[in-house]
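Fold and contact review
So you can see what is in the structure, the chains are spelled out below.
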Amino acid sequence: MQNPVEAFLTSVEEQKIIEAIRVAEQQTSGEIRVHIETTSKGNLESRALEVFSVLKMHNTALRNAVLIYVAVNDKAFCIYGDKGINALVSSSFWDDTKNIIQQHFVNRNYKQGLIDGIFSAGEQLKTHFPFAENDTDELSNTISKG
Ligand code: CA
Ligand code: CA
């Protein structure tokens, strides 16, 4: 049987998601990444935090990276933003993005859920972290897998 993480997206879909990250990051200094793995073993939020740390996503000047974490077999995901974001926003900040992803995931449109979620996250981040002239790609635009 095919690995569920590998089966989650086709390589073409992955490329489209990576392109969405690149485009979204053209309007904000925030950095967006996606991580996909089989299961969080029942600890969705703490596992997302752990992955955030493993991926060294705190290595941004403004502490404004956001991780979209997906646990395929759990049919669960969460959005984890760094402390530079949390210092400025309310706990409902990611609700719109969560809802967008959820609506697509319910219909098994995983690619579109992630793409629309990435664009939504970029729009959200833009309000607090506008794109700067001297922007660099602080965190590479890749999908990581656990
Ligand atoms: Ca950047
Ligand atoms: Ca990036």
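Preceding this section is the structure that the text describes.
If you're wondering where the values come from, they're calculated on a predicted model, not measured in any experiment.

In summary, the side chains of a regular strand alternate between the two faces of the sheet. Of the strand pairs in this sheet, strand 2 (residues 65–71) and strand 3 (residues 76–81) are connected by six bridges, and their pairing is antiparallel. Counted as the bridge partner of alanine 71 is alanine 76 from strand 3. Two successive antiparallel strands, strand 2 and strand 3, enclose a turn made up of four residues, where lysine 75 displays a positive phi of approximately 50 degrees.

For the rest of this paragraph, the subject is the environment of alanine 7. For alanine 7, the location among the structural elements is in helix 1 (residues 4–8). Sequence separation between alanine 7 and valine 72 is 65 residues, and the spatial gap between their C-alpha atoms is 9.6 Å.

What follows is about the coordination of the calcium ion (ligand 1). The protein atoms donating to the calcium ion (ligand 1) are Glu31 (OE), Asp135 (OD), Asp135 (OD) and Thr136 (O), with metal-donor distances spanning 2.2 to 2.8 Å. Here the donor residues of the calcium ion (ligand 1) share one chain and are spaced in sequence as E-x103-D-T. A relative accessible area of 1% places glutamate 31 in the buried class.

Calculation notes
- Residues numbered from 1 in each chain as written.
- Chains lettered and ligands numbered in written order.
- Predicted model: local features only at pLDDT ≥ 70, side-chain atom pairs only at ≥ 80, totals over all residues.
- Heavy atoms only, no water.
- Pairing = 2+ DSSP bridges.
- Helix = DSSP H or I, 4+ residues; strand = E, 2+ residues; numbered from the N terminus.
- Donors = N, O, S within 2.8 Å, 3.2 Å for Na, K, Ca; no water.
- Buried < 20%, exposed > 50% of the residue type's maximum accessible area, 1.4 Å probe, protein only.

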